[in-house]
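Tertiary structure, described
So the chains spell out like this:
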Amino acid sequence: MGWLSRKAGRQDLTTPEAVARFGRFEFLGPDLSGVPDWSSASEPLAPLQWQLCGERSNRATAMGELRRHGSGGEWEAVGAWKYASKFLDGPASFMDLADAAMLALCQMRVTNLRFNLPSFYLERYQIVTGQPPSDDGFFGLPVFDSSFGPTRQYYFDAAISAAAARRPERIEHRAGIEPVDVVDLDHPWWELGTLLLRGPVLSSAEFRSESITIQPAIAMATGVDHYIFVERLAERMVERMAEFAPGGGLTLMGFARFLEDYLDPALAGTAAHARLVDGGLRNLRSAGWIDTNFPVGALSAFERERLDE
């Protein structure tokens, strides 16, 4: 597949560059592709949409243009496949574009392709390329062993940088004041654990702000006895999350970090704190996530100490 894109012909409705841009947006998402939203990615291709959704002769013309543009490079191939799949019924009507995209993804050396292909194409990829979709254990956005996209280290560096930039502020502890309605499922501990260990890039957009994510927990734990707050949650959480790896591990680590960073500082290093961290790390280790899906460098000093032990 050639690296150089041809310039669009006089009768073309769009350009190879627009098709490639759409492919990057669809496969990498807005953060990594540099394309902010669907509208920005799809608007340059709108004339093709009208043709694809119109009469058969117009559809054939649009498909011919997608095939020409898709032959110009790896991202063009991915973009042509992704665009056709949005507006045509069933892969059979654009299987040649899908097969070209499978070959392009193979050439791009995506290392966690199994997590980033729709289920139908997992078998098709093996048929076309002669090998199974890659699976390096990294769950989430694409990882590359090439210059086409970010490496695993890119995500790890972003998580470590975000962890170093945090400035949590402790909340008021008042001994003897009972917390009200302490229910672990009402608090976003899983989202906090994901944000702190994996970083904002790998977190859902609505949970990338730590202050917003933990706002309900802050409201419930402010001005009450932090020791009672932890006592009512910690043991029950460890028991309930023991079998759910990695989700249970991320949940426990989120609550443990909330304890360490926001509650009375004397709680840090206690048996309750250690129980949460040990349970979280045990879950994450059993799932194979440590230094595979998040870096050890994103752990706090106490968490690293428990990991070493």
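Predicted model only: the values in this text are computed from it and were never measured.

What counts, and at which threshold
- Residues numbered from 1 in each chain as written.
- Predicted model: local features only at pLDDT ≥ 70, side-chain atom pairs only at ≥ 80, totals over all residues.
- Heavy atoms only, no water.
- 1 Å grid on protein atoms, 1.4 Å probe; cavity = no way out; pocket = protein on both sides within 12 Å on 5 of 7 lines; lining within 4 Å.
- Points joined across faces, edges and corners; volume = space filled by probe spheres on them.
- Helix = DSSP H or I, 4+ residues; strand = E, 2+ residues; numbered from the N terminus.
- Nonpolar A, V, L, I, M, F, W, Y, C, P; charged D, E, K, R; others polar.
- Phe/Tyr/Trp six-rings, centres within 6.5 Å; stacked < 30°, edge-to-face > 60°.
- Lys NZ or Arg CZ within 6 Å of the ring centre and 35° of its normal.
- Axes fitted to C-alpha atoms, helices over the stretch in contact; angles between N-to-C directions.
- Parallel < 35°, antiparallel > 145°, perpendicular 65-115°, else oblique.
- Contact = heavy atoms within 4.5 Å.
- pLDDT = per-residue confidence, 0-100.
- Buried < 20%, exposed > 50% of the residue type's maximum accessible area, 1.4 Å probe, protein only.
- Polar contact = N/O pair within 3.5 Å; in protein donor to acceptor, adjacent residues only side chain to side chain.
- Salt bridge = Lys/Arg side-chain N within 4 Å of Asp/Glu carboxyl O.

**Comments concerning the layout of surface pockets**
Counted as a void, the largest pocket has a volume near 220 Å³. Every residue lining the largest pocket is counted, 17 residues in all, and those nearest its centre are Phe139, Trp190, Thr194, Arg198 and Leu202. Of all elements in the fold, only helix H9 (189-198) and helix H13 (247-262) reach the threshold of two or more residues within the lining of the largest pocket. Per element, the largest residue contribution to the lining of the largest pocket is 5 residues, and it comes from H9. For the lining of the largest pocket, the per-class residue count stands at 10 nonpolar, 5 polar and 2 charged.

**Let's talk about the packing of aromatic side chains**
Evaluated as defined, the whole model comprises 17 aromatic pairs. Aromatic side chains Trp81 and Tyr121 sit 5.1 Å apart centroid to centroid with 80° between the ring planes, which places their arrangement in the edge-to-face category. Note that Trp81 is positioned in helix H5 (residues 74-87) and Tyr121 in helix H7 (residues 119-129), a separation of 40 residues in sequence. Ring pairing ties together the aromatic residues Trp189, Phe229, Phe255, Phe258 and Tyr262, which thus form one cluster. Its end group placed over the ring of Phe138, Arg198 keeps NZ or CZ at 5.1 Å from the ring centre.

**A few points about the packing of helix H1 (residues 16-33) against H5**
Their axes nearest at 7 Å, the elements H1 and H5 cross at an angle of 75°. In terms of orientation, H1 lies roughly perpendicular with respect to H5. Counting all contacts with H1, which are made through Pro16, Val19, Ala20, Phe22, Gly23, Arg24, Glu26, Phe27 and Leu28, the residues of H5 involved are Trp75, Glu76, Val78, Gly79, Ala80, Lys82, Tyr83 and Lys86. Classifying every residue of the contact of H1 with H5 gives 10 nonpolar, 2 polar and 5 charged.

**Quick notes on the confidence of the model for the chain**
Confidence in the prediction for the chain averages 92 pLDDT; 95% of positions are at 70 or higher. Considering only residues more than four positions removed or in separate chains, one finds that residues 1-9, a stretch of pLDDT under 50, has 26 contacts.

**Section: the packing of helix H6 (residues 95-108) against H7**
Running from N to C, H6 and H7 cross one another at 75°; their axes reach a closest spacing of 9 Å. Compared by their axis directions, H6 and H7 come out roughly perpendicular. Together, Met95, Ala98, Asp99, Met102, Leu103 and Cys106 of H6 and Phe120, Tyr121, Arg124, Tyr125, Val128 and Thr129 of H7 make up the contact between the two elements.

**Comments concerning the environment of Leu97**
Within the secondary structure, Leu97 is located in helix H6. A C-alpha to C-alpha distance of 9.3 Å links Leu97 and Ser71, two positions 26 residues apart in sequence. Aside from chain neighbours lying at most four places away, what touches Leu97 is Met63, Leu66, Arg67, Ala77, Ala80, Trp81 and Ala84.

**Brief notes about unusual backbone geometry**
Omega for the bond connecting Ala245 with Pro246 falls within 30 degrees of zero, at 0°, which places this linkage in the cis form. Residue placement: Pro246 occurs in the loop between helix H12 (226-241) and H13. You will see that Arg109, though not glycine, has its phi angle at about 60°, which is positive. Given the relative accessible area of 45%, Arg109 is considered partly exposed. One non-glycine residue with positive phi stands out, namely Asp291, at about 65°. When you line up the elements, Asp291 lands in the loop between helix H14 (271-286) and helix H15 (301-308).

**With respect to the side chain of Arg166**
Examined against the element boundaries, Arg166 turns out to sit in the loop between helix H8 (152-164) and H9. Here Asp261 takes part through its side chain, which lies 2.8 Å from a polar atom of the side chain of Arg166. Not counting residues within four places of it along the chain, the set of residues in contact with Arg166 comprises Leu196, Glu210, Arg257, Asp261 and Tyr262.

**Digging into the pattern of salt bridges**
When the charged atoms of two side chains with opposite charge come close together, those side chains can pair. Under the counting rule described, the total for this entry stands at 15 salt bridges. Across the pair Asp12 and Arg68 runs a salt bridge, and its minimum N-O distance is 2.3 Å. Placement of the pair is Asp12 in the segment before H1 and Arg68 in helix H4 (residues 56-70), with a sequence separation of 56 residues. With relative accessibility at 17%, the residue Asp12 sits in the buried group. If you follow the salt bridges from partner to partner, you end up with Arg166, Glu210 and Asp261 in one network.

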